[in-house]
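Examining the three-dimensional arrangement
Listed here are the chains, written in short residue letters.
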Amino acid sequence: MSSAPGAQDVAATETDRTDDVRQGTSFWRYAGRKAGGALVSLAMVVVLGFFAFRILPGDPVLTLTRGKRVDAEQVAALRREFGLDESLWNQFLIYLRNLSHGDLGDSYTFRRPVADLIYDHLGPTLLLTGVSAVLAIALGLWVGQKAAWRRESFFDRASTGTALVLWSVPTFWLGLLLLLIFGGTLQILPTAGMVTTGLDATGIDYVVDVARHLVLPVITMVAVTYAQYVLVMRASLIEEMTSDYLVTARAKGLREDLVRRRHAIPNALLPTVTLVFMHIGGLISGAVTVETVFSWPGLGYLTFQALTGPDLPLLQGTFVVFSFIVIVMNFIADLLYRVLDPRVRAA
Amino acid sequence: MAFTPPTAGGRLLSRPLALLASLAIAGGICFAPMSPASATPEASDTSKVIKVATNATIDTFNPFISIYATPTGINRMVYENLVQYSAEDSSDTEGLAEKWETSSDGKTWTFHLRPGMKWSDGEPITAKDPKWTYEQMMNNEVMGSANGSLVSNFDTVETPDDTTLVITMKEPQASNPGVEIPVVPEHVWSKLDDPGKHENNKDVVGSGPYTLKSYKPSQSVELTANPNFWRGAPKVDGIQYIYYKNTDAQVQALRAGEVDIVSKLTPAQFKALEGQDGITTNSGKGRRFTGLGLNSGAESKDGKPMGDGHPVLKDVAVRTAIRQAIDTETMMAKVLDGHGTLATSFIPAVFPKWHLDDTSVLKGYDPEAANKMLDEAGYKRGDDGIRLDKQGKPIKLRLLGTSDEPDEQQMADFIGPWLKEVGIDTAVEMTDGDTVSVDSTMGNYDMYFTAWGVGADPDFQLGINTCDSRPDEKGEGATSMDNWCDPEFDKLYNQQHAELDPEKRSQLVKEAQKVHYAATPSIDFWYKDSLEAYRSDRFTNLTKQPIEGGVITEQSGYWSFYGATPVDETKTAADADSGMSVGLWIGVGIAVAAGIVGAVIFARSRKTADERE
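Residues numbered from 1 in each chain as written. Chains lettered and ligands numbered in written order. Predicted model: local features only at pLDDT ≥ 70, side-chain atom pairs only at ≥ 80, totals over all residues. Heavy atoms only, no water.

The helix and strand inventory of chain A stands at 15 helices and 0 strands. Taking all 347 residues of chain A together, 51% fall into the buried category. Within chain A, contacts between residues at least 6 apart in sequence are counted, and of these 77% link residues at least 24 apart. Surface summary for chain A: the accessible area is close to 15500 Å², and the carbon and sulfur share equals 67%. (Helix = DSSP H or I, 4+ residues; strand = E, 2+ residues; numbered from the N terminus. Buried < 20%, exposed > 50% of the residue type's maximum accessible area, 1.4 Å probe, protein only. Contact = heavy atoms within 4.5 Å. Areas by Shrake-Rupley, 256 points an atom, 1.4 Å probe, with all protein chains shown as cover.)

Right under this line is the structure:
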């Protein structure tokens, strides 16, 4: 959370703008430092991704063949095919060598390259989480600033209360309830998937079909996530509202609406932006439940499936990719925060 | 007033209005396609396609390496085997081969293929196709990874002419070698650079009633009817397997008519669907047993003790007492809501030829007899009623279960108190399936819940109870059902393995199960029913396997989907229309409401702004 934001007023902004050159060089140093941190995190993820999953209980070959007709030779052949007959150290070296070529290995379960599997499932997840994130952020910030400005009003209590109730509702329950009402009983929206099987639609028909499939999962995701943006936005705006620069703004004769829009909100947005970027990485992996309820063909369920087995290459692959997204998003948040907030530039 | 440029905050404020407006539009678009105009042709197009909800893992459609049940089941539709399992009772019936004979020593099997059969692409099916298929599996490790064990006894495969296939065995074999192996077209597969890596998931050339048209991972699998199928083209145009990740959504989809068949229902879901209009439920007899493994003293293949089983379980009296202390009938009524068949041994009742049905050897629920047996064996009760083992310590047995199997938690809740009544304490440990899998292989258990899906031929299931089938000390090398070994059982197994007379083989199989039953290295509770439901207002003649009381999904064959016949379409279309218009009106209603709310808010904010200017 930002503190003492009163330091920023029109005059301060003016001063900063004159320092463009000095600011430019230090920006690159700052970015370099942050990038270095991100790279260290990535390296740790790569190592952890390999060794952490080796601790998981279970023998991939045993699980894969459990309850099936296999003889000793078949089991041995699978072990050789998966490279599990190599020493742990050799397996690690092979993993590193493959990773350096962008090769995430082959999934034990699906017998396909992990990179292909992730590629197949990434699009749907990005679509679902992207639409949900945009709507949740827009709704959350709007409700949050409204609620803060009219603190203790009916709107504040009702909207914050609603957001908190939805935030506490189990995602699975809400999703199933919506599915039951709109899918099963009213039958106005599809119950599963991203496109209607066998429809073979193109162009606008395809978009419409996907949009219809999107409605329920998006509503579910927005409902259970927007509260966090409401609360952060509300809290930071309330903090700004007591600041001196608002008095200055009012003294200039600005009407309340403009004071809020042009002075209070931009400052209150700062902590929110960081929060938003930090959440984007988490959103992608957090879509597991919604993807499961609505049978969305995304990454969340793929990861869940990888855990049973364990399907080591798939687990490693999804872990590395998820971590990569989170690290990159945090890096972007760091940079953006600096661009948005002049105070960080001085630091 | 334009004295300051708009800031981020200013734009943010107008965003909710744009958002509401776009939501209103989106609402209109999203509900609109349900209008009768666009839906009617679609409804009549797809009414001849059976839509099946599925939630299982699909590894690959390459029949040489696919291990999972669902793709294996789909490949049963795509590739006809040399010999098929019948709908009546899963006995051997004609597939690509119309007849076959075995030499008297059981070493030579000669199959006669039906002349004039064609692949779905019009090429002739000849004996060279099964020869190529089998030889790939025999000679190439990767190609044998799914079904290699089925050809491990093959010595040579010859084709004297286009319709004759001769398989020479290394050892005599009583079970038909032509079953279960999908036969692929040589003219397609021999041209592939690496058939072991072929994904085989698009425009597949097949010989079964349907061929695979397309596959979208985690979304759907589409099959189309094969007009060249030797029994004649199916009466429906195709099958769509649609991915559902939870069964509650499947149930809703069946109600909405989005799918035609759902399976793996819970008893509660099954009850909810019973008696619904246009839906028929089916509690089909399954071929999977559920039971309790007892650690009778796990040893590796070369006789070294494995694991940490409680020594008291080495006593057959204790194991038998545990069997008699459990009221399986009550437990099945509570856990499965009665949807199952009480088990005798490990071959399910759907295979009457192999199923142990000699009631004289069976020992039912009888806690008194169990107590008496334990008293006589010298396990005295301590002060708290718990019996003491030979070292004078109270007997406490661990019970291992899988936490994501609700049935197992329920069973544990019943078994604990029942065992206490005969003086045996239990400690329930619920953990993940992978841990159970490893611990049961390594002998690190006292009791654990076990289950196997059993094939139509008993050889494999018997085979994994032989001494040779036990793993080595590292838990590798082979699979053992109960970590148990008995030379008498092995003798009976070997005899039935080579017994060509079906009657005699049936007797040997039952004798072997009696030996296992008496030794009690595991207790079989029941054969769980498959709970399924389908839209009987759209399809009929879904042949069950077995025909009397059997299953529709997960058959060892293609009978249900091959038999499926569409119901009169006009009625269905009319029903669908009325449902659509309701949906349309509600959609329009929501869109209008959203529009009004948006407009009001917009107007209000403009008004307040003007007032303040």
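What follows deals with the UniProt feature "transmembrane region" (unreviewed entry) in chain A. All names here are of chain A. In this structure's numbering, the residues bearing the UniProt feature "transmembrane region" (unreviewed entry) are residues 35–56, 122–143, 164–190, 210–232, 268–294 and 314–337. Summarising residues 164–190: 74% helix, 0% strand, and an end-to-end C-alpha distance of 28 Å. Span residues 314–337 is 100% helix and 0% strand, its end C-alpha atoms 34 Å apart. (UniProt positions renumbered as here; feature names shortened; annotations may be inferred.)

Cis geometry marks the peptide bond from Q545 of chain B to P546 of chain B; its omega dihedral reads -10 degrees. Locating P546 of chain B in the fold gives a position in the loop between β20 (539–540) and α17 (559–563).

Our focus in this paragraph is the side chain of S220 of chain B. Relative to the elements of secondary structure, S220 of chain B occurs in strand β9 (residues 220–225). Its relative accessible area of 3% is what places S220 of chain B among the buried residues. In contact with S220 of chain B, other than residues within four places in its own chain, are T197 of chain A together with S214, Y215 and Y241 of chain B.

Counting from both sides, the interface comprises 78 residues of chain A and, opposite them, 74 residues of chain B. Between chain A and chain B, the buried area comes to about 6700 Å², and carbon and sulfur atoms account for 59% of it. Counting the contacts that link chain A with chain B gives 3 salt bridges. Residue R80 of chain A is joined to E141 of chain B by a salt bridge in which the shortest nitrogen-to-oxygen separation is 2.3 Å. In this structure, the connection of chain A to chain B is made through 11 residue pairs in polar contact (both at pLDDT 80 or more). At the level of secondary structure, the elements contributing two or more residues to the side of chain A that touches chain B comprise α3 (60–65), α4 (72–82), α6 (114–149), α8 (171–185), α9 (203–241), α11 (256–286), α12 (288–293) and α13 (299–307) of chain A. Sort the elements by how many residues they give to the side of chain A that touches chain B and α11 of chain A lands first, with 8 residues. Taken together, the residues of the side of chain A that touches chain B break down into 38 nonpolar, 22 polar and 18 charged. (Buried area = accessible area lost by both parts, 1.4 Å probe. Salt bridge = Lys/Arg side-chain N within 4 Å of Asp/Glu carboxyl O. Polar contact = N/O pair within 3.5 Å; in protein donor to acceptor, adjacent residues only side chain to side chain. Nonpolar A, V, L, I, M, F, W, Y, C, P; charged D, E, K, R; others polar.)

With that settled, the discussion passes to the packing of α8 of chain A against helix α7 (residues 247–256) of chain B. Where α8 of chain A contacts α7 of chain B, the axes come no closer than 8 Å and their chain directions differ by 15 degrees. Here α7 of chain B runs roughly parallel to α8 of chain A, going by the angle between their axes. Read as a crossing pair, α8 of chain A and α7 of chain B show a hand that is right-handed. Along the contact surface, α8 of chain A presents L176, L179, L180, G183, G184 and T185 of chain A, while α7 of chain B presents D248, A249, Q252, R255 and A256 of chain B. (Axes fitted to C-alpha atoms, helices over the stretch in contact; angles between N-to-C directions. Parallel < 35°, antiparallel > 145°, perpendicular 65-115°, else oblique. Left-handed = near helix turned anticlockwise from the far one by under 90°.)

Attention now moves to a nonpolar patch on the surface. Residues and elements named next belong to chain A. A grouping of W173, L177, L180 and I181 is seen on the molecular surface, where their side chains present a nonpolar patch of about 350 Å² in accessible area. Along the chain, I181 falls in helix α8. For I181, a relative accessible area of 35% gives the class partly exposed. (Patch = residues over 30% accessible without salt bridge, like charges linked within 9 Å, V, L, I, M, F, W, Y side chains within 5 Å.)

Quick look at the packing of helix α7 (residues 154–168) of chain A against α9 of chain A now. Residue and element names in this part refer to chain A. Where α7 meets α9, the axes come as close as 7 Å, and the angle between the chain directions of the two elements is 135 degrees. One way to sum up the angle between α7 and α9 is to call them oblique. α9 is crossed by α7, and the crossing has left-handed handedness. Each of D156, S159, T160, T162, A163, L164, L166 and W167 in α7 lies in contact with α9, whose residues at this interface are A223, V224, T225, Y226, A227, Q228, V230, L231 and R234. When grouped by side-chain class, the residues that make up the contact of α7 with α9 number 10 nonpolar, 5 polar and 2 charged.

What follows deals with the sheet that holds strand β5 (residues 108–113) of chain B. All names here are of chain B. Sheet architecture is open: 4 strands sit in the order β4-β5-β7-β6, paired in antiparallel fashion. With one partner strand each, in any of the chains shown, β4 (97–102) and β6 (154–161) form the two edges of the open sheet. Pairwise comparison of adjacent strand axes, ignoring direction, gives a mean angle of 20 degrees for this sheet. The strands that helix α4 (residues 128–139) touches are β5, β6 and β7 (164–169); relative to β6, the one it contacts most, it runs at about 160 degrees. (Pairing = 2+ DSSP bridges.)

This brings us to the pairing of strand β16 (residues 425–431) of chain B. Residue and element names in this part refer to chain B. Relative to β16, strand β15 (residues 396–402) is paired through 7 bridges, and the arrangement is parallel. By the bridge assignment, G401 is partnered in β16 with M430. The handedness of the β15 to β16 crossover, carried by helix α12 (residues 406–421), is right-handed. (Right-handed = clockwise from strand over helix to strand, strands pointing away.)

Quick look at the UniProt feature "domain: Solute-binding protein family" (unreviewed entry) in chain B now. Within the UniProt annotation, "domain: Solute-binding protein family" (unreviewed entry) is assigned to residues 95–460 of chain B. The span residues 95–460 of chain B shows a helical share of 25% and a strand share of 23%, and its end C-alpha atoms are spaced 22 Å apart.

Residue and element names in this part refer to chain B. Ordered by their spatial adjacency, 6 strands build an open sheet running β14-β18-β13-β17-β15-β16, and the pairing between neighbours is mixed. Bordering the open sheet on either side are β14 (340–342) and β16, each of which pairs with just one other strand. Averaged over all neighbouring strand pairs, the angle between strand axes comes to 30 degrees, with direction disregarded. Note: strand β13 (residues 288–294) against strand β18 (residues 522–528), 5 bridges, orientation antiparallel. What sits directly across from L292, in β18, is I523. Across the face of the sheet, helix α10 (residues 328–335) comes into contact with β14 and β18 while running at roughly 40 degrees to β18. Lying over the sheet, helix α13 (residues 433–442) contacts β15, β16 and β17 (447–453), oriented at roughly 130 degrees with respect to β15.

With that settled, the discussion passes to empty space enclosed by the protein. Within this structure, the stated rule accounts for 5 cavities of 30 Å³ or more. In this model, the largest cavity occupies a volume close to 140 Å³. Around the largest cavity sit 16 residues that line it, and F110 of chain A together with I58, D59, Y215 and P217 of chain B are the ones nearest its centre. Among the secondary structure elements, those contributing two or more residues to the lining of the largest cavity are α6 and α13 of chain A. Considering only residue class, the lining of the largest cavity consists of 8 nonpolar, 5 polar and 3 charged. Roughly 40 Å³ of volume is contained in the second largest cavity. Of the residues that constitute the lining of the second largest cavity, the class distribution is 5 nonpolar, 3 polar and 1 charged. (1 Å grid on protein atoms, 1.4 Å probe; cavity = no way out; pocket = protein on both sides within 12 Å on 5 of 7 lines; lining within 4 Å. Points joined across faces, edges and corners; volume = space filled by probe spheres on them.)

Once that is clear, we can look at the nonpolar core. In terms of nonpolar packing, the biggest core is built from 86 residues, with L82, Y134, L165, V221, L223, Y241 and F561 of chain B touching the most fellow members. If one sorts the elements of this core by residue count, helix α16 (residues 502–519) of chain B sits on top with 5 residues. Excluding residues that lie within four positions of it along the chain, V221 of chain B makes contacts with I58, F61, I74, L212, S214, Y215, I239, Q240 and Y241 of chain B. In terms of nonpolar packing, the next biggest core, distinct from the first, is built from 70 residues, L178, V195 and V232 of chain A together with F270 of chain B among them. (Core = buried A, V, L, I, M, F, W, Y, C linked by side-chain atoms within 4.5 Å.)

All told, the structure shown has 26 aromatic pairs over all chains when counted by the stated rule. On the basis of an interplanar angle of 45 degrees and a centroid distance of 6.4 Å, the ring pair of Y365 of chain B and W418 of chain B is categorised as tilted. Taken together, the residues Y365 of chain B in the loop between β14 and α11 (367–376) and W418 of chain B in helix α12 connect sequence positions 53 residues apart. Residue classification places W418 of chain B among the buried positions, given a relative accessible area of 13%. Among the aromatic residues, those joined into a ring-pair cluster are F50, F51, W89, F92 and Y95 of chain A. When the ring centre of W230 of chain B is taken as origin, the NZ or CZ atom of R114 of chain B, which lies over that ring, is 3.5 Å away. Lying across the ring of Y562 of chain B, K235 of chain B places its NZ or CZ 6.0 Å from the centre. (Phe/Tyr/Trp six-rings, centres within 6.5 Å; stacked < 30°, edge-to-face > 60°. Lys NZ or Arg CZ within 6 Å of the ring centre and 35° of its normal.)

So, about the confidence of the model for chain A. This prediction gives chain A a mean pLDDT of 80; 87% of its residues lie at or above 70. Summarising per-element confidence for chain A, the mean pLDDT is lowest in helix α1 (residues 10–18) of chain A (42) and highest in α7 of chain A (90). (pLDDT = per-residue confidence, 0-100.)

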